[in-house]
Amino acid sequence: MLTDAEALALAEDPSPDLATLCADARARRDAAYGVVVTYSPKVFIPLTMLCRDVCHYCTFTKPPKKGERSYLTPDEVVALAEQGKAAGCREALFTLGDKPELRYEAARLELAELGFETTVAYLVHCMERVLTETGLLPHANPGILSDAELAATRAWSPSQGIMLETASARLSEKGMPHYGSPDKEPSVRLDALRRMGAHKIPTTSGILIGIGETRREQVEALLALRELHAEHGHLQEVIVQNFRAKAGTKMVDAPEPSLDEHLWTLAMARLILPDEVSLQAPPNLAHADFPRLLEAGINDWGGVSPVTPDHVNPEAPWPELEVLEARTSEASHTLLPRLTVYPRFLNTEWTEPAPLAAALKLADGQLRSRPHDDWVNGISQSPPAAWSDGPPARLGAISTDFARAIKRAEAEELLELEDTEALLTARGPELARLVELADQRRWERAGDDVTYVVCRNINYTNVCYFKCGFCAFSKGRLAENLRGPAYLLDVDEVARRSVEAWQRGGTEVCLQGGIHPGFTGEWYLDVLRAVKAAQPEIHVHAFSPLEVWQGAATMQWTLADYLRQLKEAGLGSMPGTAAEILDDEVRAVLCPDKVNTEQWLEVMRTAHSVGVRTTATIMFGHVERPVHVARHLHRIRDLQRETGGFTEFVPLPFVPEEAPIALKGKARYGPTFDETIALHATARLALDPWIPSIQTSWVKLGPEGARHMLGAGVNDLGGTLMDESISRAAGAAHGQECPPERMDEIIAAAGRDAYQRTTLYGRPDAAQVARSYGAPPLADTTPPAYDDLGLKRPATLIRPGLAGVS
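Numbering of residues starts from 1 in every chain and runs along the sequence as written. It should be noted that, the model being predicted, local features are given only for residues of pLDDT at least 70 and side-chain atom pairs only at 80 or more, the latter also being counted only at that level, while totals for whole chains, interfaces and linings use all residues. In computing side-chain values, all of the structure's heavy atoms are included and hydrogens and water are not.

S.K.: Tell me about unusual backbone geometry, residues and numbers included.
M.R.: Of note, the bond from D688 into P689 is cis; its omega dihedral lies within 30 degrees of zero at 5°. With a phi close to 60°, E412 is a non-glycine residue in the positive phi region. In DSSP terms, a helix is any run of H or I states spanning at least four residues, a strand is any run of E spanning at least two, and both are numbered starting from the N terminus. Locating E412 in the fold gives a position in the loop between α12 (400-410) and α13 (417-424). Positive phi, close to 50°, is recorded for E580, a residue that is not glycine. Within the secondary structure layout, E580 lies in the loop between β14 (571-574) and α19 (584-590). The buried label applies to any residue whose accessible area, calculated with a 1.4 Å probe on protein chains only, is under 20% of its type's maximum; exposed applies above 50%, and partly exposed to all values in between. Relative accessible area serves as the criterion here: at 7%, E580 is assigned to the buried category.

S.K.: Account for helix α8 (residues 215-232), naming residues and giving values.
M.R.: Here the expected length of a helix is defined as 1.5 Å per residue gap, with one fewer gap than residues. In this model α8 runs 26 Å from its N-terminal to its C-terminal C-alpha over 18 residues, within 8% of the 26 Å that 1.5 Å per residue would give. Those residues of α8 that sit buried are E217, Q218, V219, A221, L222, L223, A224, L225, R226, L228 and H229. Contacts made by the buried residues of α8 are with α1 (4-11), α7 (186-198), β5 (203-209), β6 (235-242) and α9 (259-272). Taken from the residues just after α8, G233 is the one with a positive phi, measuring 70°. In what follows, a contact means two residues having at least one pair of non-hydrogen atoms within 4.5 Å.

S.K.: Could you give an account of the layout of surface pockets, naming the residues involved and the relevant values?
M.R.: Once rolled over the atoms, a probe with the size of a water molecule shows which space is left empty. Two kinds of site are reported from a 1 Å grid over the protein atoms alone, namely cavities, where a 1.4 Å probe fits but cannot get out, and pockets, open sets with protein on both sides within 12 Å along at least five of seven lines, and residues are called lining when an atom falls within 4 Å of a point. Grid points are joined across faces, edges and corners, and a volume is the space filled by probe spheres set on the points. As a volume, the largest pocket reaches approximately 1,100 Å³. Those elements that provide at least two residues to the lining of the largest pocket are α2 (18-33), β1 (36-48), α12, α13 and α21 (626-643). The element best represented in the lining of the largest pocket is α2, accounting for 4 residues. Asp, Glu, Lys and Arg are counted as charged, while Ala, Val, Leu, Ile, Met, Phe, Trp, Tyr, Cys and Pro are counted as nonpolar; the rest, among them Gly, fall into the polar class. The class makeup of the residues in the lining of the largest pocket is 13 nonpolar, 12 polar and 12 charged. Looking at the second largest pocket, its volume works out to about 920 Å³. At the level of elements, β1, α10 (321-330) and β9 (334-337) are the ones that each hand at least two residues to the lining of the second largest pocket. Ranked by residues supplied to the lining of the second largest pocket, first place goes to β9 with 4 residues.

S.K.: I'd like a rundown of the side chain of S329, residues and numbers included.
M.R.: One can find S329 in helix α10. Exposure remark for S329: the relative accessible area of 16% places this residue in the buried category. Separated by 3.0 Å, the side chain of S329 and the backbone nitrogen of G396 make a polar contact. Two N or O atoms form a polar contact when they lie within 3.5 Å of each other; inside protein one atom must be a possible hydrogen donor and the other a possible acceptor, and for residues adjacent in sequence the pair counts only when both atoms belong to side chains.

S.K.: Requested: an account of the nonpolar core, with residues and values cited.
M.R.: Within the largest apolar cluster, 125 residues are counted, with the highest numbers of intra-cluster contacts made by L434, L511, F543, L566, W600 and F649. Leaving out residues up to four positions away in the same chain, F543 has contacts with Y460, L511, Q512, Y524, L528, V548, L566, L571, M574 and P575. By nonpolar core is meant a set of buried Ala, Val, Leu, Ile, Met, Phe, Trp, Tyr and Cys residues that side-chain atoms within 4.5 Å join together. Counting 97 residues, the second-largest nonpolar core is a separate cluster that includes L8, L47, L80 and L235.

Printed below as a string of structure tokens:
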């Protein structure tokens, strides 16, 4: 980053080396942002074109005309936002003049008719309506605001903008472009920017070049912005906008800055500003030359609208998104949509609850924008249309990090953490390459066989004293919220359901449930004994690490002693659930009182040591970031290399529809389809060759989604389930059972060979396989009215994640 003295010296250089300057700027950009160049899909909402200022280059503002409205009505604003939403926009850009009511009586009268005293108060009302009625994120450029007005706009807008334009008071003198515009005084605008930082408002600012300033004055403006950001850390992007002469203005004959001048200023901006501040240039104002702006180190194109014109520069239409993507790709970059608020500001420190919830619902795992495909895990019946024929061919570039990671994966080398993260974040053409290699590795390890197990899930209670933010299944004692009343099955009913599972061709029962406050380690032993007594042949796959930890703790037994007892009572293997994300940064938010990462791993390590095999899972798409997923995969891999006890790895995409943390606006709305594909494929490569089976969840993704995962490294479809409760409680709409007939259809549609398996990947008896086809319906599974069955709440409850009791 250039020092002040270095930057000012370059401004005085009469013969600058533009090629070297741009090369240095590109190197800075590439080191910080890789191959990704972003844009914000937006709809332009010109709330009013009245303004008290009279900038000599502006055609946006217009005086009031008799008989014509000067403000959009609230319904017109919402209608524009809805139009943008339908076209895939994420941002509603509110553009308006500065305090027109101070200049025009017509503005005051119209505002009074609308029920407001000021334009800013009306803006706040319209932003609230857009956010709450459409889910689009308002971004406002309202000019100079008071502290009270900044607080009011912040409540509904996750980001705001104010162009500095220049730090030179000379441009406000008589005969200069800002003469007669009090809100363009540099001291006023710098103060406004400083107060926006104090209010913790993620801010877009920038400079306007070619309006009579010198290069030194351009650099001084950039240095002023850098100083402000150093004080508050609130600048998310800086725009370097080039002046365009417009008919009907006082500057119609003023010379426009050359492309080289624009490139020089952009390169200087990249070298002056911190890496975390994005550098933006509007593509429409460079016309056909816009791809060359990438030469100077920009990483963002700004807002581009597929539905509305640039009302500030109506003579310069935005390039079509397809053209923007193609030209960006030709320059060796990948174009991705983003939100109006940048990732590092999507937290409660910088963003108010309402816009934060709306932004998280629109965000992907890197806190950019979800694609405009309306796919929601657990709800959508089919994958996005782009995936109808397999991985879509996408434009873009291959990043250095991805190229290194895929090369190591091809060579079957042990992936480093940064390699795994690079694979998880594959975008553009990288994703198809990742899927191709994962599918090839699957074929090398498992051939074309796809396996599944005929099993029954038995969730014996939904009463749980743990408070996991993602769980819509568990209930507080006797609470009847979300998906029905609390229940508790007695051991005889669990045994009956196990017998019924065997009679329907099942080879496994999976026993899991909430952690009832009355449960002790003996209760779990009693259930196992009852099941094995009723149906000795069935394999019991039971109890998460949390249940094992809690059961042992209630009896003050060691994990090893308790697991041996469970095994003797009939435990065949354990599900690797309760893992969620094996990273305590995430667990502190998602499930703070559950077992922590090391405790989960210790239960599994101990289970493996006493001869109990387990699965391993991950539940993703909520509050984690790619690095957390990478850590999770590596922790699973490292334990498997130590013990060899995991039978399979199961990615479980988060179902948001009824999940409390999503309903409260504190989590993303599940993973995107691209992210889901990428995680399955990355798991195949990161865990290879130690975990040979990668499973996908039809109950989360649906049959069609699961079929697509078969092309991304997956060789197992899990269980038929018979009676699924947990995903349905979270809002999943893919049913309770996927019988063998349907499993076979899914696998055949993928061009693969279907085989039933046992829990531990053997082949079941042929007679039992035959019983699984055409199985009779289940008996009534309606839970009984709640009865605590004599279980008593102890004086203290085990809460391992908090390392204590309550």
